[in-house]
Amino acid sequence: MIGPILVTDRLILRPLAAADFDGWADFHADAETMYFLGGVSSRAVAWRGLCAMTGAWTIRGFSMFAMIHRETGAWIGRTGPWQPEGWPGTEVGWGVARGFAGQGYAQEAAVASIDYAVDILGWTDIIHTIHPDNRASITLAQRLGAVNRGPIQLPPPLDGFRVDAWGQTADAWRSRRASR
């Protein structure tokens, strides 16, 4: 294993692995799921994306986690810290497979991932890059305490994709966490 394992009430968050590829590829092939995440990908392109996420653990020392259902072992989606070359900030992102959407998994995973980014990685600022029409992710970002900082530019090949930076400082996150 090339990174930590985080455990929440319902989830195991761990670095992506070869065993995740079928779930990952299905996720990336689903037009509804990928509508706000850059569009669908073939299995070959999804494979390269999985390898890039996995390789980021070695190159950056962090990357997104696989979201695994604790009771069933099902692959739910991906979440966690993300900052490839040219990215506009230190992001904690999320994406949930359609069959698991609307069940609170993204929020549960995002909270654990932000805690990890702030407490372990030492990030002082967290953003979430969200398409302005993605109501579900905007609602989640607001629940997490993020505010819309306005439009930002993603690097190629996503440079034509409209996104806003929703974010907050680590101090704001810690303050919210302390008040819970």
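The structure this text deals with has already been given above.
What you see is a predicted model, and the numbers here were worked out from it, not measured in a lab.

**Focus: the nonpolar core**
Alright, step 1. Counting residues in each nonpolar core, the largest one holds 32 residues, and the members touching the most others are Leu11, Leu13, Met67, Trp94, Ile114, Ile126 and Leu144.
Alright, step 2. When residues of this core are assigned to their parent elements, the largest contribution, 10 residues, is made by helix α4 (residues 105-119).
Alright, step 3. Setting aside chain neighbours within four positions, we find Ile114 in contact with Val92, Ile126, His128, Leu144 and Trp173.

**Regarding the packing of α4 against helix α6 (residues 170-179)**
Alright, step 1. Direction vectors running N to C along α4 and α6 enclose 125°, while the axes themselves pass 11 Å from each other. In terms of orientation, α4 and α6 fall into the oblique class. In this structure, α4 meets α6 at a crossing whose hand is left-handed. Note on element contacts: α6 touches α4 through Ala170, Trp173, Arg174 and Arg177, opposite Val111, Ile114, Asp115, Val118 and Asp119.
Alright, step 2. The residue inventory of the contact of α4 with α6, partitioned by class, reads 5 nonpolar, no polar and 4 charged.

**Re the packing of aromatic side chains**
Alright, step 1. Scanning all chains against the criterion turns up 8 aromatic pairs.
Alright, step 2. When the centroid spacing of 5.7 Å and the interplanar angle of 75° are considered together, the rings of Phe27 and Trp75 count as edge-to-face. Of the two residues, Phe27 sits in helix α1 (residues 21-29) while Trp75 sits in strand β4 (residues 75-82), which places them 48 residues apart along the sequence. Taken as a pair, Phe27 and Trp75 share a single burial class, namely buried.

**A look at the pairing of strand β2 (residues 11-15)**
Alright, step 1. Within β2, 4 of the 5 residues are buried, which leaves the element mostly enclosed by the surrounding structure.
Alright, step 2. Direction of pairing for strand β1 (residues 6-7) relative to β2: antiparallel, over a ladder of 2 bridges. Bridged to Leu6 within β2 is Leu13.

**Side note on helix α5 (residues 135-143)**
At 3.6 residues per turn, the α-helix brings residues three or four places apart onto the same side.
Alright, step 1. What α5 keeps buried is the set Ser137, Ile138, Leu140 and Ala141. The arc enclosing the buried residues of α5, seen along the axis, measures out at 160°, which places them on a common side. Exposed side chains of α5 directed beyond 90 degrees from the buried face belong to Arg135 and Ala136.
Alright, step 2. Following α5 by one or two positions, Gly145 has its phi on the positive side, about 100°.

What counts and how
Residues numbered from 1 in each chain as written. Predicted model: local features only at pLDDT ≥ 70, side-chain atom pairs only at ≥ 80, totals over all residues. Heavy atoms only, no water. Core = buried A, V, L, I, M, F, W, Y, C linked by side-chain atoms within 4.5 Å. Buried < 20%, exposed > 50% of the residue type's maximum accessible area, 1.4 Å probe, protein only. Helix = DSSP H or I, 4+ residues; strand = E, 2+ residues; numbered from the N terminus. Contact = heavy atoms within 4.5 Å. Axes fitted to C-alpha atoms, helices over the stretch in contact; angles between N-to-C directions. Parallel < 35°, antiparallel > 145°, perpendicular 65-115°, else oblique. Left-handed = near helix turned anticlockwise from the far one by under 90°. Nonpolar A, V, L, I, M, F, W, Y, C, P; charged D, E, K, R; others polar. Phe/Tyr/Trp six-rings, centres within 6.5 Å; stacked < 30°, edge-to-face > 60°. Pairing = 2+ DSSP bridges. Arc of directions from axis to C-beta.

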